[in-house]
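Examination of the molecular architecture
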Amino acid sequence: MNNNVDVAIAGAGIAGCLLARNLARDGHRVAVIEKSKREDAGHDWWDTIKIATFARVGMPEPEPPELMSTRHEATVYLPLETKPLTAPPRPESIHVDRKLLEQRQIRYAEEAGAELLFGAKATGPLLDGDRVAGMGVETADGQKIELRAKITIDAAGMSGALRSKMPEKFGFPRQVERKDMFVTYREIRNNTTDSRDDLLIFGKNNGVVWVNRAEAGMVDFFAGAINFPGRPEPRDIVNEMIRKTPEAGDRIMRGGYGAPIPVRHCFDSFVAPGFMLCGDSACHCSPIDGSGMASSMIAADHASKVAHAALENGDTSVAALWPYIGAYKREQGVPFVGLDAVQKFMVSEPKINLELLFTRGVLKIEEFWGSGGGAGGNKLKMLLRLIKLADRPLFVRRLIASVGIGAKLKEHYMNFPEKYDPAEFAAWVNEKQRLFAELPPAMIPPR
Ligand SMILES: Cc1cc2nc3c(=O)[nH]c(=O)nc-3n(C[C@H](O)[C@H](O)[C@H](O)COP(=O)(O)OP(=O)(O)OC[C@H]3O[C@@H](n4cnc5c(N)ncnc54)[C@H](O)[C@@H]3O)c2cc1C
């Protein structure tokens, strides 16, 4: 591998591969460091993504077997499980086989000319004065390499292999806080019947549980819970669901493990001199359910355009990389920061209120998903429906206040500073923190 490149990327995941393809296609020398072996890259389960994402980032749509089913109707319960609701089919969302998608992305990156090194770990950033000048790499056979680059990108997922080792002066959080992450477990068993029902319990243990039978011959069990002290083990929740599901066979066909997922709004800045964050490493994911494939691809699309311009102009300073942050925030950060306000509000409320919000029809499941947390953005419709909660005036007051803060946060994200000005950025961060501080504090369940 060439030890001196234009762009060095940590992580050949959803974001890293798209960055590598785009930047290599633009004529830059790109190296990607991936800790997994080539054949192990990508989860062995399927995930849900809006099909339009592929056109948005200039990738051919998946075909079978990578393309699995579309999202069909699901029975949804709220945490107290009092009344089943129905979430209508979402034909715009598909299941993709993650391993096949990842292998396709690796192929695109290599065909574009990027060099990928598998079984090698990014160990930390290389610093040259005040700028990042590459990364340390440890290869599968224990060799230590200094990989030098004009731009270094951390696309290594939530743990942020490089971000977590950046000196404090660059201002990145080293770790994602417990209250901002889901811990998960997923196990896919053989389905001994031909039933294809979908069940989702939303808000249980401040998280999500599903039993999904959309894929023929398989039952997919998932549990994710916010990492509050005293939370139950997702694996125990899945085992309980398996016990209650007679058609779940004995064979583990996929999964059988979990991985943490960030569930918070994206970080304030994703850039430093010669350095960028992309994907889960910058918390480019939905604060409600942790989905982050589409948003990581959109982030990679913006990041690669800005990195390309910076390399062409020979300027990789913070000011040159800054447009990436605003471009992402305006497209994807806006709905997600609204969802973070909703998530923090819901977690702080007694579960009965969340239950009534949906079971009395104030908010419909299909409006909630993908809407940024409002009744399809129709304030009048929402206000009229609030009459159904007339017996809970204090809850309604808190709900209206939280929705208002969510709207202000979205507007604030739209107004992210166009140009890098440290004082203006600090004022923007202060105002964002002030708005979040107005939300009720997250409830910590007793141990
Ligand atoms: C159980 C589960 C279910 C999910 N379901 C969905 C879903 O249905 N829809 C959806 O949109 N999203 C879903 N997600 C989230 C989605 O997987 C992530 O948001 C997305 O993969 C983020 O892409 P990324 O490129 O940032 O990180 P990743 O895709 O995780 O890629 C990071 C890469 O970096 C590598 N790496 C890590 N550390 C190092 C290191 N030190 N050196 C070198 N390489 C390193 C990793 O091996 C990995 O290949 C789910 C996540 C989980 C855990």
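Procedures and definitions
Residues numbered from 1 in each chain as written. Predicted model: local features only at pLDDT ≥ 70, side-chain atom pairs only at ≥ 80, totals over all residues. Heavy atoms only, no water. Helix = DSSP H or I, 4+ residues; strand = E, 2+ residues; numbered from the N terminus. Rg over C-alpha atoms; globule rule 2.2 N^0.38 Å. Buried < 20%, exposed > 50% of the residue type's maximum accessible area, 1.4 Å probe, protein only. Contact = heavy atoms within 4.5 Å. Areas by Shrake-Rupley, 256 points an atom, 1.4 Å probe, with all protein chains shown as cover. Lys, Arg positive; Asp, Glu negative; His and termini not counted. Charge placed at Lys NZ, Arg CZ, Asp CG, Glu CD. Phe/Tyr/Trp six-rings, centres within 6.5 Å; stacked < 30°, edge-to-face > 60°. Lys NZ or Arg CZ within 6 Å of the ring centre and 35° of its normal. Near = heavy atom within 4 Å. Polar contact = N/O pair within 3.5 Å; in protein donor to acceptor, adjacent residues only side chain to side chain. Nonpolar A, V, L, I, M, F, W, Y, C, P; charged D, E, K, R; others polar. Domains from an automatic or database assignment. Arc of directions from axis to C-beta. Expected span 1.5 Å × (residues − 1). pLDDT = per-residue confidence, 0-100. Salt bridge = Lys/Arg side-chain N within 4 Å of Asp/Glu carboxyl O. Buried area = accessible area lost by both parts, 1.4 Å probe.

What follows concerns the overall build of the protein. When helices and strands are tallied, the protein shows 12 helices and 19 strands. By the compact-globule yardstick of 22 Å for 447 residues, the protein fits well, its C-alpha radius of gyration being 22 Å. Along the three orthogonal principal directions, the C-alpha set of the protein runs to about 65 × 55 × 40 Å. Going through the 447 residues of the protein one by one, you find that 56% of them count as buried. Across the protein, every contact between residues at least 6 apart in sequence was considered, and the portion connecting residues at least 24 apart equals 71%. Just so you have it, the protein exposes about 18,800 Å², and 53% of that area is on carbon and sulfur atoms. The centroid of the 58 positive side-chain charges in the protein is displaced by 4 Å from the centroid of its 57 negative side-chain charges.

Another point: the packing of aromatic side chains. Within this structure, the stated rule accounts for 13 aromatic pairs. When the centroid spacing of 5.4 Å and the interplanar angle of 25 degrees are considered together, the rings of Trp322 and Phe416 count as stacked. With Trp322 in the loop between helix H6 (318-321) and helix H7 (323-348) and Phe416 in the loop between helix H11 (393-414) and helix H12 (422-437), this residue pair connects regions lying 94 residues apart in the sequence. For Trp322, a relative accessible area of 1% corresponds to the buried category. Aromatic pair Phe416 and Trp428: ring centres 4.8 Å apart, planes at 80 degrees, arrangement edge-to-face. With Phe416 in the loop between H11 and H12 and Trp428 in helix H12, the pair connects residues that are 12 residues apart, well separated along the chain. The ring of Trp46 has Arg186 lying over it, and the distance from NZ or CZ to the ring centre is 5.9 Å. Lying across the ring of Tyr413, Lys329 places its NZ or CZ 5.3 Å from the centre.

Take the site of the ligand next. Among the 31 residues in the neighbourhood of the ligand, the closest are listed as Ala15, Glu34, Arg98, Asp280 and Met293. One of the backbone nitrogen or oxygen atoms of Lys35 is found 3.2 Å away from a nitrogen atom of the ligand. For the ligand, the protein covers 90% of the area, taking 1,000 Å² as the surface of the free molecule. Looking at the shell around the ligand, the elements that each hand over two or more residues are helix H1 (14-25), strand S2 (30-34), strand S3 (46-50), strand S9 (121-128), strand S12 (181-191) and helix H5 (293-313). By residue class, the composition of the shell around the ligand is 13 nonpolar, 11 polar and 7 charged. Each of two domains, domain 1 (4-44 + 52-57 + 98-176 + 264-321) and domain 2 (178-259), supplies a minimum of three residues to the shell around the ligand.

For helix H4 (residues 234-243), the set of buried residues is Pro234, Ile237, Val238, Met241 and Ile242. One face of H4 carries all of its buried residues, which in axial projection span an arc of 140 degrees. The inward-facing, buried residues of H4 abut S12, strand S13 (198-202), strand S14 (207-212), strand S15 (218-226) and strand S16 (248-257).

A few words now on H12. With 16 residues, H12 should cover 22 Å at 1.5 Å per step; its first-to-last C-alpha distance of 22 Å lies within 8% of that length. Buried residues of H12: Phe425, Trp428, Val429, Lys432, Leu435 and Phe436, and no others. Viewed along the axis of H12, the buried residues span an arc of 125 degrees, placing them on a single side of the element. Away from its buried face by more than 90 degrees, H12 exposes Ala423 and Ala437. Where H12 is buried, its residues touch H7 and H11. Where H12 begins, one side-chain oxygen reaches toward the backbone nitrogen of Ala423, 3.0 Å away; that side chain belongs to Asp421.

This part is about the confidence of the model for the protein. Overall, the prediction assigns the protein a mean pLDDT of 92, with 96% of residues at 70 or greater. Ignoring residues within four places in sequence, the model shows residues 371-376, a span with pLDDT below 50, making 18 contacts including any to other chains.

Turning to the pattern of salt bridges, a few remarks are in order. Inspection of the entire model under this criterion finds 30 salt bridges. Residues Arg38 and Glu110 are paired through a salt bridge, measuring 2.7 Å at the closest nitrogen-oxygen approach. Linking Arg38 in the loop between S2 and S3 with Glu110 in helix H3 (residues 98-112), this pair joins segments that are 72 residues apart in sequence. We classify Arg38 as partly exposed; its relative accessible area is 35%. Between Arg104 and Glu66 there is a salt bridge, with its nearest N and O atoms 2.8 Å apart. Taken together, the positions of Arg104 in helix H3 and Glu66 in the loop between helix H2 (52-56) and strand S4 (67-71) put the pair 38 residues apart, joining distant regions of the chain. Of the two residues examined, Arg104 and Glu66, each falls in the buried class.

Once that is clear, we can look at the domain arrangement of the protein. For the protein, the domain assignment lists domain 1 (4-44 + 52-57 + 98-176 + 264-321), domain 2 (178-259) and domain 3 (335-437). Of note, the centres of domain 1 and domain 2, computed from C-alpha atoms alone, are 30 Å apart. Taken together, the contact between domain 1 and domain 2 spans 7 residues of the former and 8 residues of the latter. With both sides pooled, the region where domain 1 packs onto domain 2 buries about 740 Å², and carbon together with sulfur makes up 55% of that total. Three residues stand out in domain 1 for area buried against domain 2, namely Asp44, Val176 and Ile288, and they jointly supply 58% of the buried area on that side. Seen at the junction of domain 1 and domain 2, the total is 0 salt bridges. Connecting domain 1 to domain 2 are 3 residue pairs in polar contact (both at pLDDT 80 or more).

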